[in-house]
Amino acid sequence: MIPARLSGARPRSLVVHSILAAILCQAYVAEARPARCSTSDEGNFKCEFRATARDGSFQISAHGKPTYILNMAEPGLAYGFLNLGKGNIPLPGRFIRSPTEKACWENDVTSARICAW
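If you're wondering where the values come from, they're calculated on a predicted model, not measured in any experiment. (Residues numbered from 1 in each chain as written. Predicted model: local features only at pLDDT ≥ 70, side-chain atom pairs only at ≥ 80, totals over all residues. Heavy atoms only, no water.)

1. Overview of the overall build of the protein
Along the protein, the regular secondary structure elements total two helices and nine strands. Secondary structure of the protein in N-to-C order comes out as α-α-β-β-β-β-β-β-β-β-β. Put simply, the protein has 117 residues, and 26% of those count as buried. Counting only contacts in the protein whose residues sit at least 6 apart along the sequence, the fraction spanning at least 24 positions is 20%. Working note: accessible area of the protein is about 8000 Å², and carbon and sulfur atoms make up 57% of it. (Helix = DSSP H or I, 4+ residues; strand = E, 2+ residues; numbered from the N terminus. Buried < 20%, exposed > 50% of the residue type's maximum accessible area, 1.4 Å probe, protein only. Contact = heavy atoms within 4.5 Å. Areas by Shrake-Rupley, 256 points an atom, 1.4 Å probe, with all protein chains shown as cover.)

2. With respect to the state of the cysteines
Applying the stated criterion to the full structure yields two disulfides. Disulfide pairing places Cys37 opposite Cys47 at an S-S distance of 1.8 Å. Across the disulfide from Cys37 to Cys47, rotation about the S-S bond amounts to roughly 55 degrees, and the bridge is consequently right-handed. Within this pair, whereas Cys37 is found in strand 1 (residues 33-39), its partner Cys47 is found in strand 2 (residues 43-51), the two being separated by ten residues in sequence. Covalently, Cys104 is tied to Cys115 through a disulfide, its sulfur atoms 2.0 Å apart. Because the sign of the S-S torsion sets the handedness, a value of about 115 degrees for the bond joining Cys104 and Cys115 places this disulfide among the right-handed ones. Highlighted residues: Cys104 in strand 8 (residues 104-107) and Cys115 in strand 9 (residues 113-116), separated in sequence by eleven residues. Across this residue pair, the class does not change: Cys104 and Cys115 are buried. (Disulfide = S-S within 2.5 Å.)

3. Side note on the pairing of strand 3 (residues 58-61)
Residue alternation in strand 3 divides its side chains into a buried set, Phe58 and Ile60, and an unburied set, Gln59 and Ser61. In the sheet, strand 2 pairs with strand 3 via four bridges, with the strands oriented antiparallel. Within strand 3, the position partnered with Ala51 by the bridge is Phe58. Count of turn residues in the strand 2/strand 3 antiparallel hairpin: six residues, of which Gly56 carries a positive phi of about 105 degrees. (Pairing = 2+ DSSP bridges.)

4. Things to note about unusual backbone geometry
The phi dihedral of Ser111 is positive, around 65 degrees, even though this residue is not glycine. Summarising the element assignment, Ser111 is placed in the loop between strand 8 and strand 9.

5. Regarding the packing of aromatic side chains
Overall, the coordinates contain one aromatic pair when judged by the stated rule. Between Phe49 and Phe58 the ring centres are 5.1 Å apart and the planes differ by 25 degrees, which places this aromatic pair in the stacked class. An identical accessibility class is assigned to Phe49 and Phe58; each is buried. Above the plane of the ring of Phe45 lies Lys65, whose end atom (NZ or CZ) is 5.4 Å from the centre. (Phe/Tyr/Trp six-rings, centres within 6.5 Å; stacked < 30°, edge-to-face > 60°. Lys NZ or Arg CZ within 6 Å of the ring centre and 35° of its normal.)

In structure tokens form, the structure reads like this:
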């Protein structure tokens, strides 16, 4: 008999922990809902808004447009990513929630905006 570590089989506890981690991650992802979005590069468009964590992190996507992802670092501060279909590309700077338009986030380096209503 070949030991599990040499045969490629995973120990049972690792498999159980992997399944539990996947279930917990899915618990934080909400279903996409229709929204109106606006970005500095794409203008105004219909989109799908999806919360990705309880801390306010989210992504917006639309057919024919890149997917924009904002991951919260702390309340009112996020780091942005762009997905063109081949993985996430980090965006420069940080995104800060607009004090006047709560649906918008503004980049502190490029002045780019991402909004979702």
